[in-house]
Amino acid sequence: APVTSLADTAITTHPEVFIERPDRSRKQRQSIEKVNEYALWCIQNAMWNEARSHMERSIALDSLSASLHNNLGIIYERMGQVEKAAKFYDRARALNPAKKAYAANLKYLQQRQQTARDSTAEFNIFQLDERDPRRQGTRRPEDLPTFKGE
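Cut-offs used in this document
Residues numbered from 1 in each chain as written. Predicted model: local features only at pLDDT ≥ 70, side-chain atom pairs only at ≥ 80, totals over all residues. Heavy atoms only, no water. Helix = DSSP H or I, 4+ residues; strand = E, 2+ residues; numbered from the N terminus. Buried < 20%, exposed > 50% of the residue type's maximum accessible area, 1.4 Å probe, protein only. Contact = heavy atoms within 4.5 Å. Areas by Shrake-Rupley, 256 points an atom, 1.4 Å probe, with all protein chains shown as cover. Salt bridge = Lys/Arg side-chain N within 4 Å of Asp/Glu carboxyl O. pLDDT = per-residue confidence, 0-100. Core = buried A, V, L, I, M, F, W, Y, C linked by side-chain atoms within 4.5 Å. Axes fitted to C-alpha atoms, helices over the stretch in contact; angles between N-to-C directions. Parallel < 35°, antiparallel > 145°, perpendicular 65-115°, else oblique. Left-handed = near helix turned anticlockwise from the far one by under 90°. Nonpolar A, V, L, I, M, F, W, Y, C, P; charged D, E, K, R; others polar.

Draft legend 1. Representation of the overall build of the chain. Scanning the chain from terminus to terminus reveals six helices and zero strands. Moving toward the C terminus, one meets the helices and strands of the chain in the order α-α-α-α-α-α. Across the 150 residues of the chain, 31% fall into the buried class. Here the contacts in the chain between residues at least 6 apart in sequence split such that 46% fall between residues at least 24 apart. Approximately 10800 Å² of the chain is accessible, and the part contributed by carbon and sulfur atoms is 54%.

Draft legend 2. Representation of the pattern of salt bridges in the model. Counted by the stated rule, this structure contains three salt bridges. Of the charged contacts in the structure, one is a salt bridge between Arg 112 and Glu 77, with a shortest N-O distance of 2.1 Å. Highlighted residues: Arg 112 in helix α6 (residues 100-120) and Glu 77 in helix α4 (residues 66-78), separated in sequence by 35 residues. A relative accessible area of 43% means that Arg 112 is categorised as partly exposed. In this structure, the salt-bridge partner of Asp 90 is Arg 93, at a minimum N-O distance of 2.8 Å.

Draft legend 3. Region of the structure containing the confidence of the model for the chain. Looking at the chain as a whole, its pLDDT mean stands at 76, while 64% of the residues score no less than 70. Mean pLDDT in the chain bottoms out at helix α1 (residues 6-13), which sits at 46, and peaks at helix α5 (residues 82-95), which reaches 95. Under a pLDDT of 50 for its full length, residues 1-14 has, in the predicted model, 16 contacts with residues more than four places off or in other chains.

Draft legend 4. Local environment of the nonpolar core. Core analysis: the largest hydrophobic core is formed by 18 residues, its most contacted members being Met 55, Leu 68 and Leu 72. Within the residue set of this core, elements represented by two or more residues are α2 (26-44), α3 (48-61), α4, α5 and α6. What Leu 72 contacts, discounting residues up to four positions off in sequence, is Arg 52, Met 55, Glu 56, Ile 59 and Phe 88.

Draft legend 5. Just the packing of α2 against α3, in detail. Here α2 crosses α3 at 165 degrees, and the two axes come no closer than 8 Å. Overall, the two elements α2 and α3 adopt an arrangement that is roughly antiparallel. α3 is crossed by α2, and the crossing has left-handed handedness. Along its contact with α2, which presents Val 35, Asn 36, Tyr 38, Ala 39, Cys 42 and Ile 43, the element α3 presents Trp 48, Glu 50, Ala 51, His 54, Met 55 and Ser 58. Considered class by class, the residues forming the contact of α2 with α3 number eight nonpolar, three polar and one charged.

Shown next, in the form of structure tokens:
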């Protein structure tokens, strides 16, 4: 089983919780920047598994870096693993709620998933549930009132 960090546990048990991040030293910030630069290079060269592996190792060392979580979310999304992508976008948002891009990435992913579900769902007007709001005020041909004449 994967090692769960304190941040992972807090987000999983209380998704509304925002994680208090400690201030980082200049050296720590530079290290995170280098990790992100290398991952970006991997992405630009279509080395998705290398980028993923590198980011996962980095998060194991620094589980409170919002940018690492966000970028791993991008990698997972690109690899088609949308559930994992959503999880990492959500962690990034919780770690740094001031960074609107992290919440936006999660929102756009969810919108694309909903659009995909809507566009692939089977649609049959004759099987719509009568309680469906799209059906309000509509009738089937057999439900039409009989013509009484004048």
